[in-house]
Amino acid sequence: MNISVLGCGRWGTFIAWYLNKAGHQVLLWGRETSKNYKELAETRKNDYLALPEGIELTNSLEMAIEYSEVHIISISAQQLRSFAWQLNQHNIKGKTFILCMKGLEAESGKRLSQVVSEEAAGANVAVWVGPGHVQDFVKGIPNCMVIGSENVDITKEIVQKFSSDLIRFYYGQDMIGNEIGAATKNVMGIAAGMLDGLGYTSLKGSLMARGTREISRLVRAMGGNDITIYGLSHLGDYEATLFSPHSHNRKFGQSFVEGERFGKLAEGVATVEALMVLSKQYNVEMPISGALYQILFENAEAKETLEQLFLRPIKFEF
Ligand SMILES: NC(=O)C1=CN([C@@H]2O[C@H](COP(=O)(O)OP(=O)(O)OC[C@H]3O[C@@H](n4cnc5c(N)ncnc54)[C@H](O)[C@@H]3O)[C@@H](O)[C@H]2O)C=CC1
Ligand SMILES: O=C(CO)COP(=O)(O)O
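Once a new chain begins, its residue numbering starts again from 1 and follows that chain's sequence as written. Whichever chain is written first becomes A and whichever ligand is written first becomes 1, with later ones labelled in order. Reporting of local features is limited, given that this is a predicted model, to residues whose pLDDT is at least 70; pairs of side-chain atoms are given and counted only at 80 or more, and all residues count toward the totals for whole chains, interfaces and linings.

Visitor: An account of the UniProt feature "binding site: NAD(+)" (unreviewed entry) in the chain is requested, with residue identities and associated values reported.
Guide: Mapped onto this numbering, the UniProt entry gives "binding site: NAD(+)" (unreviewed entry) at Gly7, Cys8, Gly9, Arg10, Trp11, Gly12 and Lys264. Only DSSP runs of H or I covering at least 4 residues are called helices, and only runs of E covering at least 2 are called strands; the numbering of each starts at the N terminus. By the secondary structure assignment, Cys8 is in the loop between strand E1 (2-6) and helix H1 (10-21). C-beta atoms are first placed from the backbone for all residues, and any pair lying within 7 Å is then listed as a contact. Those residues in contact with Cys8 that sit more than four places away from it in its chain are Thr13, Leu28, Gly30, Asn36, Tyr37 and Leu40. Within the element layout of this structure, Trp11 appears in helix H1. UniProt positions are given in the numbering used here, feature names are shortened, and annotations may be inferred rather than shown by experiment.

Visitor: Residue-level account of the UniProt feature "domain: Glycerol-3-phosphate dehydrogenase NAD-dependent N-terminal" (unreviewed entry) in the chain, with values.
Guide: The UniProt feature table records "domain: Glycerol-3-phosphate dehydrogenase NAD-dependent N-terminal" (unreviewed entry) at residues 3-152. Each end of residues 3-152 is marked by a C-alpha atom, and these two atoms are 20 Å apart; helix forms 33% of the span and strand 22%.

Visitor: How would you summarise the site of ligand 2 if you had to cite specific residues and measurements?
Guide: Nearness between a residue and a molecule or strand is assessed with a C-beta atom placed from the backbone; a distance within 6 Å qualifies. In the vicinity of ligand 2 there are 13 residues, among which Pro131, Ala240, Ser247, His248 and Asn249 approach most closely. Looking at the shell around ligand 2, the elements that each hand over two or more residues are helix H8 (175-197), helix H10 (238-243) and helix H11 (248-257). Its residues assigned to classes, the shell around ligand 2 comprises two nonpolar, nine polar and two charged. An automatic or database domain assignment is the source of the domain bounds shown. Formed jointly, the shell around ligand 2 draws a minimum of three residues from each of two domains, domain 1 (2-171) and domain 2 (185-311). Polar here means any residue outside two lists: the nonpolar Ala, Val, Leu, Ile, Met, Phe, Trp, Tyr, Cys and Pro, and the charged Asp, Glu, Lys and Arg; Gly therefore counts as polar.

Visitor: An account of the site of ligand 1 is needed here, citing residue identities and associated values.
Guide: Around ligand 1 lies a shell of 25 residues, among which Gly9, Trp11, Ile75, Gln79 and Met101 are the nearest. When residues of the shell around ligand 1 are traced back to their parent elements, those giving at least two are H1 and helix H4 (80-87). Residue contributions to the shell around ligand 1 peak at three residues, all from H1. Considering only residue class, the shell around ligand 1 consists of nine nonpolar, 12 polar and four charged.

Visitor: Just give me the short version of the packing of H8 against helix H12 (residues 268-281), but keep the residues and values in it.
Guide: Interaxial angles span 0 to 180 degrees and are taken between N-to-C directions of axes, which are lines fitted to C-alpha atoms, for helices over the stretch in contact. Taken N-terminus to C-terminus, the directions of H8 and H12 make an angle of 110°; their axes are 8 Å apart at the nearest point. As judged from the angle between their axes, H8 and H12 are roughly perpendicular. Across the interface between the two elements, Ala183, Thr184, Asn186, Val187, Gly189 and Ile190 of H8 pack against Gly268, Thr271, Val272 and Leu275 of H12. Classifying every residue of the contact of H8 with H12 gives five nonpolar, five polar and no charged. Here the word oblique covers every angle except those under 35 degrees (roughly parallel), over 145 (roughly antiparallel) and from 65 to 115 (roughly perpendicular).

Visitor: If you had to explain the nonpolar core to someone new, which residues and values would you point to?
Guide: Any set of buried Ala, Val, Leu, Ile, Met, Phe, Trp, Tyr and Cys residues joined through C-beta atoms within 7 Å is what this text calls a nonpolar core. Here a residue counts as buried when 20 or more other C-beta atoms sit within 10 Å of its C-beta, as exposed when there are 12 or fewer, and as partly exposed otherwise, the C-beta atoms being derived from the backbone. By size, the foremost hydrophobic cluster in this structure holds 88 residues, and its most contacted members are Leu99 and Ala191. Considering every element that reaches this core, the biggest residue donor is H8, with 10 residues. For this core, the two domains that each supply at least three residues are domain 1 (2-171) and domain 2 (185-311). Setting aside its immediate chain neighbours within four residues, Ala191 contacts Leu207, Gly253, Ile288 and Leu292.

Visitor: A description of the sheet that holds strand E7 (residues 143-149) should follow, citing residues and the corresponding values.
Guide: Between any two strands, pairing holds if DSSP finds at least two bridges. Taken together, eight strands build an open sheet; the order of strands is E3-E2-E1-E4-E5-E6-E7-E8 and the sheet is mixed. Where the open sheet ends on each side, the last strands, each with one partner, are strand E3 (56-58) and strand E8 (167-171). Strand-to-strand, the axes of this sheet are offset by a mean angle of 25°, without reference to chain direction. Both strand E4 (residues 70-73) and strand E5 (residues 96-99) contribute to a ladder of four bridges, which runs parallel. Each residue of the ladder has a partner; that of Ile72, found in E5, is Ile98.

Visitor: If you had to explain unusual backbone geometry to someone new, which residues and values would you point to?
Guide: One can expect most non-glycine residues to show negative phi and most peptide bonds to be in trans. Backbone geometry at Arg44 places phi at a positive 55°, although glycine is not the residue there. Here Arg44 lies in the loop between helix H2 (35-43) and E3. The partly exposed category is assigned to Arg44, around which 14 C-beta atoms lie within 10 Å. In the Ramachandran plot, Asn299 falls in the positive-phi region, its phi being about 60° despite a non-glycine side chain. Looking at the secondary structure, you find Asn299 in the loop between helix H13 (287-297) and helix H14 (302-308). Judged by local crowding, Asn299 falls into the exposed class, with 7 C-beta atoms found within 10 Å.

Shown next, in the form of structure tokens:
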């Protein structure tokens, strides 16, 4: 089938590569002014892969929208609302937009599918999340991921068309759980990087146990299924984020405590802000996310703030 991939950064370019390999006709769109687009247009390569011949490149959004009924979006989460507004200036009624992104709107705490539905009513929205790094996939190392939407027929159709021996997809059953899970694994990734930077790597097991607990409480309060947090979108993505040398969020956390600047996109930073909104809105205690907010946004000292988590009153584990 024809598929347009909107966004040609690290992940969008991989998605285009993957879908071409899975036998689809792929058009990859990027903004004319974007550094990533210019590099691909000139060399057909980036730091991670070379684009196969079959993938076409365009900087015309109109052409990308007309090209197919199924579109992938992979840009930074905080840009999604304005981008969805832009999409809505075209004829997108009945088209499907699959969000390959992991974030929440910082100011409102809204999920990305909600943001698109608000700005581009009439389009179908799905999400594709779960563990995976370009560096592993291009070496042929397979992984499992999850695709979900509010319409099970759409979910099944996408999964069937996108599956290959490189990615085993599961049908997502819980949009709240999968979107919150995918966004918040980045927050735990930043915390893991801070632990690495502070010489506390051995605490990452505890972070996994208490992080999943904190996020599952939130998901339940929001009306999702708390078990989803123990699935591919969240716990299943911990290896790729809390432990992987490739993770931008983990590297951001480590660089932060080491006093260095990490220049690439770490979605978890804005997600921490969104979690403070949701924690208040749903009256859910979120100690790990709260500690990260203090460190990232209120200049709290990282080591001391993380150590404070140990001084909280003793409680039952579950
Ligand atoms: N396993 C997975 O599912 C993975 C998911 N991701 C997710 O993919 C998303 C993108 O991440 P990366 O590719 O690493 O980021 P990136 O920074 O490499 O690429 C983002 C792209 O979005 C473009 N962009 C930004 N604002 C835009 C706008 N307003 N309109 C159009 N294009 C715009 C930029 O020019 C850039 O090319 C993130 O949400 C990230 O969490 C990333 C890696 C793996
Ligand atoms: O989502 C990812 C792995 O599944 C990528 O994570 P980072 O953005 O932290 O690199």
